[in-house]
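Understanding the architecture of this molecule
Below are the chains, spelled out letter by letter.
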Amino acid sequence: MKRIFSLSFFMLGACLLLSLCVWQIYRAQWKDEILEKLDEEYTKDVFGKELGFADFMIEKNGDEVIHSGYIQGEFLHASPLFWPKPKDGSLGFYVMYPFMSEEGFPVLVNLGWVHEDIRTHTPLDNIEIPQGEPLKIGGVARVYDAGRWGLSNNADENKWYRYDTEMISEYLALNTSLPDAILFAKDVRPENILELGDTYGAEIYPRDTHYQYALFWFSLLVIWLVIIGRMITKKGQ
């Protein structure tokens, strides 16, 4: 009876470790497809396709929006929104302005990243928008993810951490609520009419560590088999 229990325990452990290894390999293959699609999307000419309202909305299956393209319209006469965001160990902000498309829907446009003034804790550089100028803003439409541990928005200090469409639309006094995605600008036409900040963040990739995890579980499986094999060998002597 004891021998049967030991053998069952050994098989259960081996099967569990093997299944975890196989599961991570399947996850890695799934992630490879996503990364391939992102690479294809990011290499597109941002002025090759005009984005409509549907391109800024999350699909019914819950997939995040990632679309390269452009929108035409004008910036709304409003103050920018500042989104605290560290970059390479430096503190700074995303600078975002509301933009009204020719199609008639508002979009929040990320005009790039600027450093933070360590004395005043405000943006060190200003990004001034042209008023009343019809523009084409090319970039990537994607959902902004502040992360699981992101702070709450602070409208009083104009510091934003989460893309709460209702709260931001109310703050900007928009007649129509913002869509699900933000346009991360990469280029503007006409040229030289608007100088962007650092376009860091326009292209993001999900973490791809599944092969490392698969190797980790496979290593544990080998160790498990070696330990159990030695125990069986000693018992047989």
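Everything numeric here is computed off the predicted structure, so don't read it as measured data.

Parameters at a glance
Counting from 1, residues in each chain are numbered in the order their sequence is written. At least 70 in pLDDT is required for a residue's local features to be given in this predicted model, at least 80 for side-chain atom pairs to be given and counted, and no such filter applies to totals for whole chains, interfaces and linings, which use all residues. For the side-chain quantities, the full set of heavy atoms in the structure was used; hydrogens and water were omitted. A pair of Phe, Tyr and Trp rings is counted when the ring centres sit within 6.5 Å of each other, with Trp represented by its six-membered ring. The angle between the planes then sorts it: under 30 degrees is stacked, over 60 is edge-to-face, the rest tilted. A run of H or I in DSSP becomes a helix once it reaches four residues, and a run of E becomes a strand once it reaches two; helices and strands are each numbered from the N terminus. To sort residues, take the accessible area from a 1.4 Å probe on protein chains only and compare it with the maximum for the residue type: under 20% means buried, over 50% means exposed, and anything in between is partly exposed. By definition, being over a ring means that NZ of Lys or CZ of Arg is both within 6 Å of the ring centre and within 35 degrees of the ring normal. Definition of nonpolar core: a set of buried residues of the types Ala, Val, Leu, Ile, Met, Phe, Trp, Tyr and Cys, connected through side-chain atoms within 4.5 Å. Here, two residues are considered to be in contact whenever any of their heavy atoms come within 4.5 Å of each other.

1. Here's the deal with the packing of aromatic side chains
Scanning the entire structure with this criterion turns up 13 aromatic pairs. With a centroid separation of 5.0 Å and 75° between ring planes, the pair formed by Trp 83 and Tyr 144 is classed as edge-to-face. With Trp 83 in strand 2 (residues 81-84) and Tyr 144 in the loop between strand 5 (135-142) and helix 2 (165-171), the pair connects residues that are 61 residues apart, well separated along the chain. Overall, the relative accessible area of 0% leaves Trp 83 in the buried class. For Tyr 144, a relative accessible area of 9% puts it in the buried group. Taking 5.8 Å as the distance between ring centres and 90° as the angle between the ring planes, the aromatic pair formed by Tyr 94 and Phe 184 counts as edge-to-face. In this pair, Tyr 94 sits in strand 3 (residues 92-101) while Phe 184 sits in strand 6 (residues 182-189), placing the two residues 90 residues apart along the sequence. Note on accessibility: Tyr 94 and Phe 184 belong to one class, buried. Taken together through their ring pairs, the aromatic side chains of Trp 83, Tyr 94, Tyr 144, Tyr 163, Phe 184 and Tyr 200 make up a single cluster. Directly above the ring of Tyr 200 sits Lys 87, whose terminal nitrogen or CZ lies 5.6 Å from the centroid.

2. Quick notes on the nonpolar core
Core analysis: the biggest nonpolar cluster contains 25 residues, and Phe 56, Ile 71, Phe 75, Val 109, Leu 111, Ile 137 and Leu 183 have the highest contact counts within it. Sorting the residues of this core by element identifies strand 1 (66-75), strand 3, strand 4 (106-115), strand 5 and strand 6 as the ones contributing at least two each. Not counting the four nearest positions on each side in its chain, Leu 111 is found in contact with Phe 75, Val 95, Tyr 97, Ile 127, Ile 129, Ala 185, Leu 194, Leu 196 and Gly 197. If you look at the next biggest cluster of nonpolar residues, it comprises 16 residues, including Trp 160, Ile 168, Leu 178 and Ala 202.

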